[in-house]
Amino acid sequence: METQSLSQKISTGWRLGKIAFVFIENHKKILFFNFLSGILYAITGLFFLALIIENSALRLAFSSQSFHSSSSLLCFLFLFISITSSVITKVALSFYTAQLFEGKPASIRASFVRSFHRLQTIIGWAFFDATIGTFLSALRSEKKGLSMSILALILKTTISISWSIISFFVVPLIALQDYGLIDTIKCSTETMKKTWGETIGATFNVNLIGALFITLWYTLFFGSLYLIITYAQPHPLPTQNILFIGILGITGIIIPLFVVMLIMTTVTTILKTALFNYTQNKPTGPFDKQLLKNSFIEKKNITASII
């Protein structure tokens, strides 16, 4: 595989991201999947936030070990439910996108019918993914010495990278094939290895685009807010003004971040569907096949590439 320079990697990522955004603009119904995913995630998050607040009282009533067990269970349940709802919408989006790529009639209803037809595999996948996520969370939260912390970090990084490679094509495979869970995971790994060989990840880092956008937003928003507080508000600030500014600040942090994360997830799902179709010699829509071929890098370039 041809080694790409840093500028080529950035160029590949930018071009793929730009094509994906234009594709969404031309097929605005795709935003419905984004909207629904956001609602489901918000509902799940609020429900578990209430449980976490209640669970914090366990510090007073139970031992530290019991509290950690309860926290791990809540973490697993949150991940399991949120991953299940997220993958349902991602599978529907992947199916919808593949239909558009192949010039077939694309229907939101038919896409969700397909997704729920694959519900058993989705639930199995969510269980596996939530288990890995809970284990990684436990590695991060455990109190340990410096040497153990370094070992835990190495283990966490290794598992995270390996799992991201293994699971790369799981969503389009669930959407477009009828394999069981084990065969889906196996096929995802084999497809990656067969098509790109010794690769570590895709060079299209749409999350970088999102990070740049959110950084720009925070700079402008909080810069403006600081100027307003400093020069346009009486000092000391009245209580009602403090409350309003606090709510405005929290809203300015959470909502833009939430929207950007949803959009980046949508773009990534579309790109993975295009990449999977490429591996199957099927239409890839507006995505150039040579560009898709060049979107992966060699394992030795790990530091520059994680998707």
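Residues numbered from 1 in each chain as written. Predicted model: local features only at pLDDT ≥ 70, side-chain atom pairs only at ≥ 80, totals over all residues. Heavy atoms only, no water.

Caption draft 1: Just the nonpolar core, in detail. Ile-30, Val-91, Trp-125, Ile-270, Phe-287 and Leu-292 are the most contacted members of the largest nonpolar core, which totals 45 residues. Contacts of Val-91, omitting those with residues within four sequence positions, involve Ser-115, Ile-122, Val-171, Ile-174 and Ala-175. (Core = buried A, V, L, I, M, F, W, Y, C linked by side-chain atoms within 4.5 Å. Buried < 20%, exposed > 50% of the residue type's maximum accessible area, 1.4 Å probe, protein only. Contact = heavy atoms within 4.5 Å.)

Caption draft 2: Here's a closer look at the pattern of salt bridges. Following the criterion strictly, the structure yields 2 salt bridges and no others. Among the salt bridges present, the one from Glu-102 reaches Lys-104, with a minimum N-O distance of 3.2 Å. When the shortest N-O distance is used, the salt bridge between Asp-178 and Arg-114 registers 2.9 Å. With Asp-178 in the loop between helix H8 (170–176) and helix H9 (181–196) and Arg-114 in helix H5 (residues 108–117), the pair connects residues that are 64 residues apart, well separated along the chain. (Salt bridge = Lys/Arg side-chain N within 4 Å of Asp/Glu carboxyl O. Helix = DSSP H or I, 4+ residues; strand = E, 2+ residues; numbered from the N terminus.)

Caption draft 3: Inspection of the confidence of the model for the protein chain at higher detail. When pLDDT is averaged along the protein chain, the result is 80; 80% of the residues meet or exceed 70. Across residues 60–67, where pLDDT falls below 50, the model places 4 contacts with residues more than four positions away in sequence or in other chains. Confidence over residues 298–307 falls short of pLDDT 50; this stretch has 26 contacts with residues more than four positions distant or in other chains. (pLDDT = per-residue confidence, 0-100.)

Caption draft 4: Representation of H5 within the structure. Turning to H5, its buried residues number three or more, namely Ser-111, Phe-112, Arg-114 and Ser-115. With its buried residues spanning 155 degrees around the axis, H5 presents them on a single face. Exposed positions of H5 whose direction lies more than 90 degrees from the buried face are Arg-109 and His-117. At the N-terminal end of H5, a side-chain oxygen is found 3.2 Å from the backbone nitrogen of Arg-109, two or three residues along, and the residue is Ser-107. (Arc of directions from axis to C-beta. Polar contact = N/O pair within 3.5 Å; in protein donor to acceptor, adjacent residues only side chain to side chain.)

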